[in-house]
Amino acid sequence: MRDSGRRIGIAVLGAAAVLGFVASPAQASSYTSYLSNAGPGFESSRWNDNGGTTVIKFTGCRDNYTDTGMHILLRKDVLGVDPAYVNGYFTNCFTSTTATSTGTWVDHGSGSYYFVVNSSLVGVNVWVNSLTISY
């Protein structure tokens, strides 16, 4: 009786460990890059998100026009027309080479995402010293 009780206890602990491993949240990821002479409609590289919040941070921005701000549009890469989410307007990163603008988009499900720069402007190219995408 003692052996069977021990085996049941080990089986229950083993099952709990496996379930705990499967139920643990996905590890957040990020990548860092920069933009150089990115024209209107420039698309970033894609990243695969398992769901969660996406944070885009730009540091040290400038453009070839007014140096006041840029639109950032988060999109999901799907077959057909890519859905667009809230269009952020980044301004603070234009105040100095170390100033940062941050945009946060809440979970839109898993999938491949990218952002578009100044999709509705003509002739305004941007430079960003450092950008970080966290997802």
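As a starting point, this report considers the structure included with it. Owing to the predicted nature of the structure, the values given are computational and were not obtained by experimental measurement.

## Overview of the environment of Asn129
Phase 1: Mapped onto the elements of the fold, Asn129 is located in strand S9 (residues 126-134).
Phase 2: Sequence spacing of Asn129 and Arg62 is 67 residues, and the spatial spacing of their C-alpha atoms is 8.9 Å.
Phase 3: If near-sequence neighbours (up to four positions away) are discounted, Asn129 is found in contact with Ser33, Tyr34, Thr59, Gly60 and Thr97.
Phase 4: At 3.5 Å, the side chain of Asn129 and the backbone oxygen of Thr97 are in polar contact.

## Remarks on the pattern of salt bridges
Phase 1: Scanning the entire structure with this criterion turns up 2 salt bridges.
Phase 2: For the salt bridge of Arg46 with Glu43, the shortest nitrogen-to-oxygen distance reads 3.0 Å.
Phase 3: As a salt-bridge pair, Arg46 and Asp77 come within 3.2 Å of each other at their nearest N and O atoms. A residue pair is termed long-range when its members are at least 10 positions apart, and Arg46 in the loop between strand S2 (42-43) and strand S3 (47-49) and Asp77 in strand S5 (residues 70-77) qualify at 31 residues.
Phase 4: Using a relative accessible area of 35% as the deciding quantity, one classes Arg46 as partly exposed.
Phase 5: Residues participating in the shared-partner salt-bridge network are Glu43, Arg46 and Asp77.

Definitions and limits used
- Residues numbered from 1 in each chain as written.
- Predicted model: local features only at pLDDT ≥ 70, side-chain atom pairs only at ≥ 80, totals over all residues.
- Heavy atoms only, no water.
- Helix = DSSP H or I, 4+ residues; strand = E, 2+ residues; numbered from the N terminus.
- Contact = heavy atoms within 4.5 Å.
- Polar contact = N/O pair within 3.5 Å; in protein donor to acceptor, adjacent residues only side chain to side chain.
- Salt bridge = Lys/Arg side-chain N within 4 Å of Asp/Glu carboxyl O.
- Buried < 20%, exposed > 50% of the residue type's maximum accessible area, 1.4 Å probe, protein only.

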